[in-house]
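# Chain and residue survey
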Amino acid sequence: MKTIKQQTEMNESEKGNVKPQFSSREYVDIAQLRKLSELNPLRSFADIIFQYAAIACAITISVYCNNLLVTVLCMIFCGARVYAMGMLVHEGLHFRLARNKRANEIITKLIAWPIFINPAVFRKNHLEHHSHLHTHDD
């Protein structure tokens, strides 16, 4: 039977504080990481246009084919593209879509609006997550 002191003391894993199992440096050296972290607004713009175009194409195919199986497949595809747009919103929250912060905010809002995300609320919650990474409060 545990004493009261033992009951109140929890180890790190019981608290939910877990250190990552790996370090990114084990897989990517710092030079590669810097290259991967370079901002490329043209690439961001192309990614955004691709997501909207892919969704429009899937809807067009679904309507044109008028087939239940094709429609279901197009819906799954569109869901994946909406998820990708959410990832672009995430990048925007970290100011990774454009070099200019104001332009980044406008772009992020334009991507977030059709998928019903409020960037201001998402940023507040998401940055809170980063301040407690790998802890019970994460």
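As a reminder, the structure under discussion sits directly above these lines.
Reading guide: rules and limits
Residues numbered from 1 in each chain as written. Predicted model: local features only at pLDDT ≥ 70, side-chain atom pairs only at ≥ 80, totals over all residues. Heavy atoms only, no water. Helix = DSSP H or I, 4+ residues; strand = E, 2+ residues; numbered from the N terminus. Buried < 20%, exposed > 50% of the residue type's maximum accessible area, 1.4 Å probe, protein only. Contact = heavy atoms within 4.5 Å. Areas by Shrake-Rupley, 256 points an atom, 1.4 Å probe, with all protein chains shown as cover. Expected span 1.5 Å × (residues − 1). Core = buried A, V, L, I, M, F, W, Y, C linked by side-chain atoms within 4.5 Å.

Assigned secondary structure in the chain consists of 7 helices and 0 strands. Listed by position from the N terminus, the elements making up the chain come as α-α-α-α-α-α-α. Here the chain holds 138 residues, and 20% of them are scored as buried. Contacts in the chain between residues at least 24 apart in sequence constitute 60% of all its contacts with a sequence separation of at least 6. Summed over all atoms, the accessible surface of the chain reaches about 10,900 Å², with 64% contributed by carbon and sulfur.

Turning our attention to helix α4 (residues 41–65). Here α4 is 25 residues long and its end C-alpha atoms lie 36 Å apart, about the 36 Å a rise of 1.5 Å per residue gives. Along α4, the residues that are buried comprise S44, I48, Q51, A54, I55, A58 and S62. Here the buried face of α4 lies against α5 (68–93) and α6 (101–112). Phi for N66, located one or two positions after α4, is positive at around 50°.

Tracing the backbone through its elements, the reader meets N104 in helix α6. If sequence neighbours within four positions are ignored, N104 has contacts with G92, F95, R96, L97 and A98.

Okay, the nonpolar core next. Counting residues in hydrophobic clusters, the biggest one holds 13 residues, and the most contacted among them are M85, L88, V89 and I111. Breaking this core down by element, the ones donating at least two residues are α4, α5 and α6. If you tally residues by element for this core, the top one is α5, at 6 residues. Residues within four places of M85 in sequence aside, it is in contact with Q51, Y52, I55, I111 and I115.

Purely geometric numbers; function is a separate question.
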